[in-house]
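Chain by chain, the residues:
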2 protein chains.
Amino acid sequence: MTWTRISTAVVHEGPFIAVRQDVVVRPDGVRGTYEHVAMNDVVRVAALNDMGDVTLVEDHFYLQRRRVLHLPGGGAEGQEPRDAAGRELAEETGLTASHLKPLGVIDPLPGVTAARVHLFVATGLRTGAPAREATEAGMKVITMPLREAVAAARAGRITEAASVAALLLVSLELEGGKK
Amino acid sequence: MTWTRISTAVVHEGPFIAVRQDVVVRPDGVRGTYEHVAMNDVVRVAALNDMGDVTLVEDHFYLQRRRVLHLPGGGAEGQEPRDAAGRELAEETGLTASHLKPLGVIDPLPGVTAARVHLFVATGLRTGAPAREATEAGMKVITMPLREAVAAARAGRITEAASVAALLLVSLELEGGKK
């Protein structure tokens, strides 16, 4: 009961995303097509200081037409996820981390794209100057207690899926709950 | 410091997803293009019985080339999210719910698509017969204690982003933790 790929073709190629149309045999044995989005993997970083505060960033998102509060991160751009996490953290917040520990990997829209989001916890932080992209000109850095960020995720003030997952996962981990 | 839309055009139209290319003014005032995926919103349902068990489904995902364990759900297909959640739950598991409570709304890939995932908690469950799509022929229903599902999310055995978020959110809610 699996899918089989017969062939694949790019039907749209853009600057950040491509669309592929695959000819497949479906789990029920019927031949069909499967269209999907090819894009870079993504990283998100929960950067924690010694006081238990986490650093978030807020900027205006085009598609949501509002300011969005989220963990630092972005496209891996072909880098190893850990390297990309350190780069995005530094670019967006100015923070450099002596430790970047993997927290998990999630599938944001597994029916639509194979791209994954790699989650990290950053500790051993040193402050520096951000080096933002031009499109991030309105970005603001907000540091708050982790429990406050978890409350914001529960209340719907943080909605970016990977940020919600990472904040809840790291909070459970720090509570020392049994796996 | 916001983005402004000048115009929009469909550059690819597929059966489930379309790609739009918008002409925009970026936050730094520079004119550019922004490409994004137009697709239906998605729903995910954490269905809880009176014993504190949650119902998951597992099937083979084409893009991940493996079986994926996730909460019942799928594309809203133009329905109200709550109606879609009830429909997907019934189709995939046979369960009907007397209560469907909103748990939150998350943005799976906010830089790429405006589509959102609507999370629900279903209670007051009655069992019935599933009515799966042909592509879901290999789907298996797995009911387990909620704490076991949370452990599976923490251990990376559940990776679908909205399932991870919903399981952790509902678990915190049942624990009665302060918001």
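Before any of the text, the structure's been laid out above.
All of the points below concern the structure found in this document. This is a predicted model, so every value here is computed, not measured.

Here we come to the sheet that holds strand 7 (residues 73-75) of chain A. Residues and elements named next belong to chain A. Taken in spatial order, the 4 strands make up an open sheet running 7-4-9-8, and their pairing is mixed. What marks the edges here is a single partner per strand, and that holds for strand 7 and strand 8 (96-106). Going from strand to strand, the sheet's axes swing by 25° on average, the running direction of each strand aside. Two elements, strand 4 (residues 42-47) and strand 7, share 3 bridges in a ladder whose sense is antiparallel. The residue of strand 7 that forms the bridge with Arg44 is Gly73.

It is worth spelling out empty space enclosed by the protein at this point. Enumeration according to the criterion identifies 3 cavities of 30 Å³ or more in this entry. Size it by volume and the largest cavity reaches roughly 50 Å³. Together, Val37, Met39, Leu109, Val112 and Thr113 of chain A together with Val37, Met39, Leu109, Val112 and Thr113 of chain B line the largest cavity. Grouping the constituent residues of the lining of the largest cavity by class yields 8 nonpolar, 2 polar and no charged. By volume, the second largest cavity amounts to about 40 Å³. If you trace the second largest cavity, you find it lined by Asp59, His60, Thr135, Glu136, Ala137, Gly138 and Met139 of chain A together with Met1, Trp3 and Pro27 of chain B. A per-class count over the lining of the second largest cavity returns 5 nonpolar, 3 polar and 2 charged.

By the definition in use, this model includes 20 salt bridges over all chains. The salt bridge involving Asp107 of chain B is made with Arg66 of chain A; its shortest N-O contact spans 3.1 Å. Of the two residues, Asp107 of chain B sits in the loop between strand 8 (96-106) and strand 9 (117-126) while Arg66 of chain A sits in strand 6 (residues 66-70), which places them in two different chains. Exposure remark for Asp107 of chain B: the relative accessible area of 1% places this residue in the buried category. Members of the salt-bridge network, linked through shared partners, are Glu77, Arg87, Glu88 and Glu91 of chain A.

Cut-offs and rules
Residues numbered from 1 in each chain as written. Chains lettered and ligands numbered in written order. Predicted model: local features only at pLDDT ≥ 70, side-chain atom pairs only at ≥ 80, totals over all residues. Heavy atoms only, no water. Pairing = 2+ DSSP bridges. Helix = DSSP H or I, 4+ residues; strand = E, 2+ residues; numbered from the N terminus. Axes fitted to C-alpha atoms, helices over the stretch in contact; angles between N-to-C directions. 1 Å grid on protein atoms, 1.4 Å probe; cavity = no way out; pocket = protein on both sides within 12 Å on 5 of 7 lines; lining within 4 Å. Points joined across faces, edges and corners; volume = space filled by probe spheres on them. Nonpolar A, V, L, I, M, F, W, Y, C, P; charged D, E, K, R; others polar. Salt bridge = Lys/Arg side-chain N within 4 Å of Asp/Glu carboxyl O. Buried < 20%, exposed > 50% of the residue type's maximum accessible area, 1.4 Å probe, protein only.

Limitation: the analysis is restricted to geometry and does not speak to function.
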